[in-house]
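# Breakdown of the fold
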Amino acid sequence: YDAKYSTKIRGGESFFRQSDYPDAATAYIGAVRGWPKTAWAPDAVVKLARSLQAMNRPRDACSTLDELSRRYPTPSANVAGQAKDLRAKAQCPAG
């Protein structure tokens, strides 16, 4: 599954760099749905939230970050830091 997951993530990053946030979000959703229990899934969730924020959908970004906390309570320090920064940017309610 590593190659398929990697392809989804690379595709999402490519779309994001091109400001094609909807397709980036779709790629990240595919990665999370396809491999929800992998070590890389939390990173895909944060990237999905980042894409939603870029589409001016902060409420959805916050909901996605809430889901990150529920599904992956102990993400890597890097993912946790990105999520914290994104929560501030999206002005997510504390909780």
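## Comments concerning the environment of G81
Locating G81 in the fold gives a position in helix α5 (residues 77-90). Relative accessible area serves as the criterion here: at 27%, G81 is assigned to the partly exposed category. Sequence separation between G81 and I29 is 52 residues, and the spatial gap between their C-alpha atoms is 21 Å.

## Considerations on α5
Between its first and last C-alpha, α5 extends 20 Å over 14 residues, near the 20 Å set by a 1.5 Å rise per residue. Among all positions of α5, only V79, A83, L86 and A90 are buried. The buried residues of α5 occupy an angular sector of 70° when projected down its axis, which confines them to one face. Pointing more than 90 degrees away from the buried face of α5 are the exposed residues A77, N78, K84, D85 and A88. Those residues of α5 that are buried are in contact with α3 (41-54) and α4 (58-71). Immediately beyond the C-terminal end of α5, within one or two residues, lies Q91, with a positive phi of roughly 60°.

Reading the values: rules and limits
Residues numbered from 1 in each chain as written. Predicted model: local features only at pLDDT ≥ 70, side-chain atom pairs only at ≥ 80, totals over all residues. Heavy atoms only, no water. Helix = DSSP H or I, 4+ residues; strand = E, 2+ residues; numbered from the N terminus. Buried < 20%, exposed > 50% of the residue type's maximum accessible area, 1.4 Å probe, protein only. Expected span 1.5 Å × (residues − 1). Arc of directions from axis to C-beta. Contact = heavy atoms within 4.5 Å.

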